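Tertiary structure, described
Residues per chain, in single letters:
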Amino acid sequence: MTADAHQERPGRSELGRALMAGGALTSDWAPAYAAVPRSAFLPERMWPFDMEAGRSVPVSRTDDPTAWYRHADADAPIVTQWDDGRHGGEEPGRVSTSSASMPSVVFSMLRDLDVAAGHRVLEIGTGTGWSSALLAHRLGAGSVYSVEVDRAVAEAARRALNAFGSTAYVVHGDGVAGHPEAAPYDRVIATCGVRTIPRSWVDQCRPNGIIVAPWGTHYSHSDAVARLVVSQDGRSASGRFTGAVEFMKLRAQRQPAVVHSEYVIGSVADGDETSTTITEEEFVGERFSAHRFALALRVRDCCQVVAPKEDGARPVWLYSLSDRSWACVLFHDGRTARVWQHGPRRLWDDAEAAHRWWVEHGEPDHTRFGLTVAPEGQWAWLDRPARSWPVS
């Protein structure tokens, strides 16, 4: 298939129209979308998320080019690496560790970045290189520096960018440190989820510059895009969240999986038992719900695990990340939920209080929340920075 085939396909045109209609792709980014196809940066074998199957599936351009391009032109994420590169074979690995994000998410974040001619951009997480190429097409030579922690991923992105003729510059290194050699930048964008905004990103961004990054806590994988403006003195950055997302985490900030047996030594009955009138629908909600994000902001140093539902019953576990306290709420169809909690932290009490707080404040969505980053720490806030509380 020729290079022109990367661009001249009905599916790609349809996706562009859908992105425009949905508001993700704005008119100022439309020329970059037209000129820089995602397919030019995808590997020969990839694992797109099949919406109908509900899982990642292997697709080879050599074996099935029609399916490969159909997935390349879909508004769905595509895994390009499993298990930090240790994975081999065709079937999906255990943990996805590099990907091409959904085009709607990519262009929504680029919209939030609000770039203009003459801007210099630092990107954290090169991935396939597609976002780097989009930015470089818009801003020109010498404008985009992208840092990728995985050497193999960085080299693959560099090859793809060079083959495409892009001027984006790829650096192999840890994005936590940014790239001070080319600082200062007018914009910083991260394509990986973070739990703490690294100080280097603020320091390397100009006063009044913008930082766009998926941010969240270890409570769950459901993050939100933070759009922060660096203060005039360069010491802090603050701004609102723009919407829910889920990204692979910055490798330096990954949280090891909770080991249940290290918390619950005997049985759940060893915990103090109570009950709650909060329902499963209220507490569990949707995966990317504002309720879950609000609880993540209000219940510090905690991990939530929602177990599968069996025979009408669903346990939801809360594990403290600061000690070995735990809580379990057992929702059961048609019955009042039972609660057990153990340890010095009363995690269910904290979660229930956070739920009540969210309801009492009008069930705010993601966009009513904000984040402030300063040398002393991070603070979340509702509606305005004056109503803040520490989150790290």
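Notes on the structure in this doc start here. Within any chain, residue numbers begin from 1 and follow the written order of that chain's sequence. It should be noted that, the model being predicted, local features are given only for residues of pLDDT at least 70 and side-chain atom pairs only at 80 or more, the latter also being counted only at that level, while totals for whole chains, interfaces and linings use all residues. Computation of side-chain values covers all heavy atoms of the structure but excludes hydrogens and water.

We now examine the packing of helix 4 (residues 103-113) against helix 5 (residues 130-139). Axis angle and axis distance: for two packed helices, these are the angle between their axes and the distance between the axes, and together they describe the pair. The convention used is that axes are lines fitted to C-alpha atoms, helices contributing only their stretch in contact, and that angles between N-to-C directions extend from 0 to 180 degrees. Elements are defined by DSSP. Helices are runs of H or I of four residues or more, strands are runs of E of two residues or more, and each kind is numbered from the N terminus. Where helix 4 contacts helix 5, the two axes come as close as 11 Å, and the packing angle between them is 40 degrees. Here helix 4 lies oblique to helix 5, going by the angle between them. Where helix 4 crosses over helix 5, the handedness of that crossing is right-handed. Between helix 4 and helix 5, the residues in contact are Pro103, Val106, Phe107, Leu110 and Leu113 and Trp130, Ser131, Leu134 and Leu135, respectively. Its residues assigned to classes, the contact of helix 4 with helix 5 shows 8 nonpolar, 1 polar and no charged. With respect to orientation, any angle under 35 degrees is reported as roughly parallel, any angle over 145 as roughly antiparallel, any angle of 65 to 115 as roughly perpendicular, and every other angle as oblique. Take the far helix as the reference: if the near one is turned anticlockwise from it by less than a right angle, the crossing is left-handed, and if turned clockwise, right-handed. By definition, residues are in contact when any of their heavy atoms lie within 4.5 Å. Gly counts as polar in this scheme, as do all residues outside two lists: the nonpolar Ala, Val, Leu, Ile, Met, Phe, Trp, Tyr, Cys and Pro, and the charged Asp, Glu, Lys and Arg.

Turning our attention to unusual backbone geometry. A cis geometry characterises the amide bond from Ala183 onward to Pro184, with omega recorded as 5 degrees. Mapped onto the elements of the fold, Pro184 is located in the loop between strand 8 (169-172) and strand 9 (185-190). A positive phi angle, near 55 degrees, is found at Asp83, a position not held by glycine. As for its position among the elements, Asp83 is in the loop between strand 4 (78-82) and strand 5 (96-100).

By definition, a salt bridge exists where a carboxyl oxygen of Asp or Glu is found within 4 Å of a side-chain nitrogen of Lys or Arg. For the structure shown, the criterion picks out 25 salt bridges. We note a salt bridge from Asp272 to Arg346, for which the minimum N-O separation is 2.8 Å. Taken together, the residues Asp272 in strand 13 (residues 272-276) and Arg346 in the loop between strand 17 (337-342) and helix 10 (347-360) connect sequence positions 74 residues apart. Among the ionic pairs, Asp333 bridges to Lys309, the shortest N-O distance being 2.9 Å.

This brings us to the sheet that holds strand 15 (residues 313-320). Pairing is antiparallel across the open sheet formed by 5 strands, whose spatial order is 13-17-16-15-14. Looking along the sheet, the strands with just one partner apiece sit at the ends: strand 13 and strand 14 (302-306). On average, adjacent strands in this sheet sit at an angle of 20 degrees to one another, irrespective of strand direction. With 7 bridges joining them, strand 15 and strand 16 (residues 326-332) adopt antiparallel strand pairing. For two strands to be treated as a pair, DSSP must find at least two bridges joining them.

A general feature of soluble globular proteins is that nonpolar side chains tend to end up buried together. In this description, a nonpolar core means a group of buried Ala, Val, Leu, Ile, Met, Phe, Trp, Tyr and Cys residues linked to one another through side-chain atoms lying within 4.5 Å. Three exposure classes are used, based on accessible area relative to the maximum for each residue type with a 1.4 Å probe and protein chains only: buried under 20%, partly exposed in between, and exposed over 50%. Within the largest apolar cluster, 38 residues are counted, with the highest numbers of intra-cluster contacts made by Ile124, Ile197, Trp201, Ile211, Trp215, Phe369 and Leu371. Excluding anything up to four places from it in sequence, Ile211 contacts Val188, Trp201, Val202, Cys205, Ala226, Arg227, Leu228, Val230 and Ala237. Of all hydrophobic cores here, the second largest spans 35 residues; its members include Leu25, Phe41, Val115 and Leu134.

Below, the discussion takes up the side chain of Ser200. Inspection of the secondary structure assignment puts Ser200 in helix 7 (residues 199-203). Separated by 2.4 Å, the side chain of Ser200 and the backbone oxygen of Val176 make a polar contact. With near-sequence residues (within four places) excluded, Ser200 lies in contact with Val176, Ala177 and Gly178. Identification of polar contacts relies on pairs of N or O atoms within 3.5 Å, with a donor-acceptor requirement for protein atoms, meaning one able to donate a hydrogen and the other able to accept it, and with residues adjacent in sequence counted only if both atoms are side-chain atoms.

Between helix 9 (residues 290-298) and helix 10, the shortest axis-to-axis distance is 9 Å and the interhelical angle comes to 125 degrees. Classified by the interaxial angle, the pair formed by helix 9 and helix 10 is oblique. Both helix 9 and helix 10 take part in a crossing whose hand is right-handed. Only Ala351, Ala354, His355, Trp357 and Trp358 of helix 10 make contact with helix 9, whose side of the interface consists of Ala290, His291, Ala294, Leu295 and Arg298. Residue composition of the contact of helix 9 with helix 10, by class: 7 nonpolar, 2 polar and 1 charged.

A word on a negative patch on the surface. Taken together, Glu281, Glu282, Glu286 and Glu363 make up a surface patch of like negative charges. Within the secondary structure layout, Glu281 lies in helix 8 (residues 280-283). Residues enter patches when they are more than 30% accessible in relative terms and free of salt bridges; like-charged ones are connected within 9 Å and nonpolar ones (Val, Leu, Ile, Met, Phe, Trp, Tyr) within 5 Å. Working definition of accessibility: Shrake-Rupley area with a 1.4 Å probe, residue cover restricted to the visible protein chains. When charges are counted, Lys and Arg contribute as positive and Asp and Glu as negative, whereas His and the chain ends are disregarded. For charged residues, the charge sits on one atom: NZ in Lys, CZ in Arg, CG in Asp, CD in Glu.

Moving on, we get to the pairing of strand 14. Alignment of strand 14 against strand 15, held across 5 bridges, turns out to be antiparallel. The residue bridging Cys303 from the neighbouring strand is Tyr319, located in strand 15. Connecting the antiparallel pair strand 14 and strand 15 is a turn made up of 6 residues, with Asp311 showing a positive phi of about 55 degrees.

Along the chain, Met20 turns up in helix 1 (residues 10-22). Exposure remark for Met20: the relative accessible area of 41% places this residue in the partly exposed category. Sequence separation between Met20 and Ser238 is 218 residues; the distance between their C-alpha atoms is 29 Å. Sequence-distant contacts of Met20, that is, excluding residues within four places in its chain, are made with Leu25, Thr26 and Ala30.

Any functional reading would require information that these geometric values do not contain.
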